[in-house]
Amino acid sequence: MKIYLVLSLLLAPSLLWGQGYHIRGQISGLQDGDTVQINEISHKWKAPLAETVVRSGEFSFSGDQSDPRGVYVQVKGCNGAVPLILDNHQIVLSGTAARNDSQKIPFYRFQVKVSGSPLTDELNEKLKVRVALDSQYADYHRRYADISNQVNKAAAAHDSAEMKRLMATPEYSAFVREDHRFFTAVDSTYSALFAQNKNSWWGPFLMEATLSYFSDEQKPAYELLTENAKNSYYGKMVHDELYPADYTGKKVPDFTVSDGKTLKDLLAGKKYVLIDFWASWCVPCRREIPNLKKLYALYASKGFQIVSLSIDRDAAAWKKAKAEENMPWPGYLDTQGISGKYGVRFIPMMFLVDHEGRLVSDKLRGEELAQKLSELFHE
């Protein structure tokens with residue numbers, strides 16, 4: 001279904017629509033009553049910039065965004081999105097959306113053209129390198145799908161002997177080599193992309209948009225940025241993720257969880273509290289839980305508490321994992337962006353704090369965490 005605009009709108013949109021941005025969408029396949037959101041492209045949870053409701057396959061947004069923002073236009077509670085650069089233009093989205101409800105979270109596959117947005121056109125041009133990488137990834141994963149599926153099946157069955165046998169085969173060794181070559185190519189391709197855009201906000205924005213999280217490996221790319229780029233909205237965002245504030249010995253940010261309890265409430269009567277950020281889909285997070293249970297059993301009676309905060313977007317998946325893990329401490333779904341306040345870049349990430357909320361460490365896991373708690377509770 002196409003969008004048809006009357007001639008007067010095409011001739012004088014600024015007179016009829018006013019200043020600011022105006023997004024008009026007509027996308028067949030969306031359901032009446034769907035809530036469409038404009039969500040900022042960011043590693044941290046942020047409240048939607050705007051929301052509207054689909055009526056007869058149409059929706060519209062109006063607002064003001066004088067400096068560019070990378071955003072996703074997506075249906076609330078669903079995966080799948082239309083990326084664009086939001087600034088003060090008259091933008092038209094036209095195309096189709098096919099809904100798939102076979103997964104836990106519904107998915108919309110969009111085939112949408114974005115018109116009237118020069119910066120979105122520029123974004124698409126810059127991200128052609130990612131399209132090429134996606135094609136390479138799909139190609140070698142197709143070629144090694146059989147051995148990969150066998151390994152995954154053995155892993156799901158906890159059959160370590162079969163996994164060991166499969167991983168020793170020439171096919172799996174070849175798959176590992178291809179995987180290594182691919183991610184080496186990803187690193188070099190993205191490093192070149194960031195360097196080519198080091199003079200403006202595009203550089204740090206592309207870092208934020210193409211990488212799932214930052215580690216110290218991205219610091220050289222950031223340091224290549226010009227001062228103009230570093231001082232931009234996205235330059236400051238990247239800086240804060242790469243060089244987070246060190247709260248060691250200082251009070252961590254306050255927060256309120258879904259049942260109304262504050263951090264102060266959760267600390268009450270405890271000597272030390274471990275704030276654990278995790279998710280149902282995070283394998284390392286769930287591997288850490290048995291260790292946390294052992295430590296909880298050892299020290300809970302001595303004043304140790306754990307508070308688990310899940311960054312899951314799917315509440316049902318979180319509830320299911322929480323029940324499966326049977327964690328005997330308080331657990332909440334992070335719907336308030338607490339992970340953003342704490343600068344969580346990856347999970348699991350844990351913050352051990354004292355009874356006043358002062359950070360002891362955010363770098364403890366496994367045996368190191370066990371050793372630290374042993375020291376603290378045997379002082």
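For the structure, see preceding data.
One structure accompanies this document, and this report is about it. It should be emphasised that the depicted structure is a prediction, and the values quoted were computed from it without experimental measurement. (Residues numbered from 1 in each chain as written. Predicted model: local features only at pLDDT ≥ 70, side-chain atom pairs only at ≥ 80, totals over all residues. Heavy atoms only, no water.)

## Here's the deal with the overall build of the protein chain
Reasoning step 1: What the protein chain contains, in helices and strands, is 16 helices and 13 strands.
Reasoning step 2: Along the three orthogonal principal directions, the C-alpha set of the protein chain runs to about 80 × 55 × 45 Å.
Reasoning step 3: Counting all 379 residues of the protein chain, 44% fall into the buried class.
Reasoning step 4: Total accessible area on the protein chain stands at roughly 20,300 Å², and carbon and sulfur atoms take up 51% of it.
Reasoning step 5: Seen as two clouds, the 46 positive and the 46 negative side-chain charges of the protein chain have centres 2 Å apart. (Helix = DSSP H or I, 4+ residues; strand = E, 2+ residues; numbered from the N terminus. Buried < 20%, exposed > 50% of the residue type's maximum accessible area, 1.4 Å probe, protein only. Areas by Shrake-Rupley, 256 points an atom, 1.4 Å probe, with all protein chains shown as cover. Lys, Arg positive; Asp, Glu negative; His and termini not counted. Charge placed at Lys NZ, Arg CZ, Asp CG, Glu CD.)

## Considerations on the pattern of salt bridges
Reasoning step 1: Scanning the entire structure with this criterion turns up 20 salt bridges.
Reasoning step 2: Close ionic contact of Glu324 with Arg286 constitutes a salt bridge, the shortest N to O distance being 2.7 Å. Of this pair, Glu324 sits in helix α14 (residues 315-325) while Arg286 sits in helix α13 (residues 283-299); the two residues are 38 residues apart in sequence, bridging distant segments of the chain.
Reasoning step 3: Looking at Glu324, the relative accessible area reads 46%, which means it is partly exposed.
Reasoning step 4: Among the residues examined, Arg286 registers a relative accessible area of 22% and is labelled partly exposed.
Reasoning step 5: Glu375 serves as the salt-bridge partner of Lys372, at 3.8 Å between the closest nitrogen and oxygen. With Lys372 and Glu375 both in helix α16 (residues 366-376), this residue pair falls 3 residues apart, about one helical turn. (Salt bridge = Lys/Arg side-chain N within 4 Å of Asp/Glu carboxyl O.)

## Considerations on helix α8 (residues 202-210)
Reasoning step 1: Buried residues dominate α8, accounting for 9 of its 9 residues.
Reasoning step 2: For α8, the set of buried residues is Trp202, Gly203, Pro204, Phe205, Leu206, Met207, Glu208, Ala209 and Thr210.

## What about the state of the cysteines?
Reasoning step 1: Inspection of every chain in the model, using the stated rule, returns 1 disulfide.
Reasoning step 2: There is a disulfide in this structure between Cys282 and Cys285, and the S-S distance comes to 2.3 Å. Between Cys282 and Cys285, the disulfide has an S-S torsion of 80° and is therefore right-handed.
Reasoning step 3: Its relative accessible area of 4% is what places Cys282 among the buried residues. (Disulfide = S-S within 2.5 Å.)

## Observations concerning unusual backbone geometry
Reasoning step 1: The phi dihedral of Ser56 falls on the positive side, at around 55°, and the residue is not glycine.
Reasoning step 2: As for its position among the elements, Ser56 is in the loop between β3 (50-53) and β4 (58-63).
Reasoning step 3: Positive phi outside glycine occurs at Asn326, with the angle close to 50°.
Reasoning step 4: Examined against the element boundaries, Asn326 turns out to sit in the loop between α14 and β11 (331-333).
Reasoning step 5: For Asn326, a relative accessible area of 56% puts it in the exposed group.

## What to know about α14
Reasoning step 1: Listing the buried residues of α14 in full gives Ala317, Trp318, Ala321 and Glu325. Buried positions in α14, seen along its axis, are confined to an arc of 100° and lie on one side of it. Of the exposed residues in α14, the ones pointing more than 90 degrees away from its buried face are Ala316, Lys319 and Ala323.
Reasoning step 2: Where α14 is buried, its residues touch β9 (272-278), α13, β10 (304-310) and β11. (Arc of directions from axis to C-beta. Contact = heavy atoms within 4.5 Å.)

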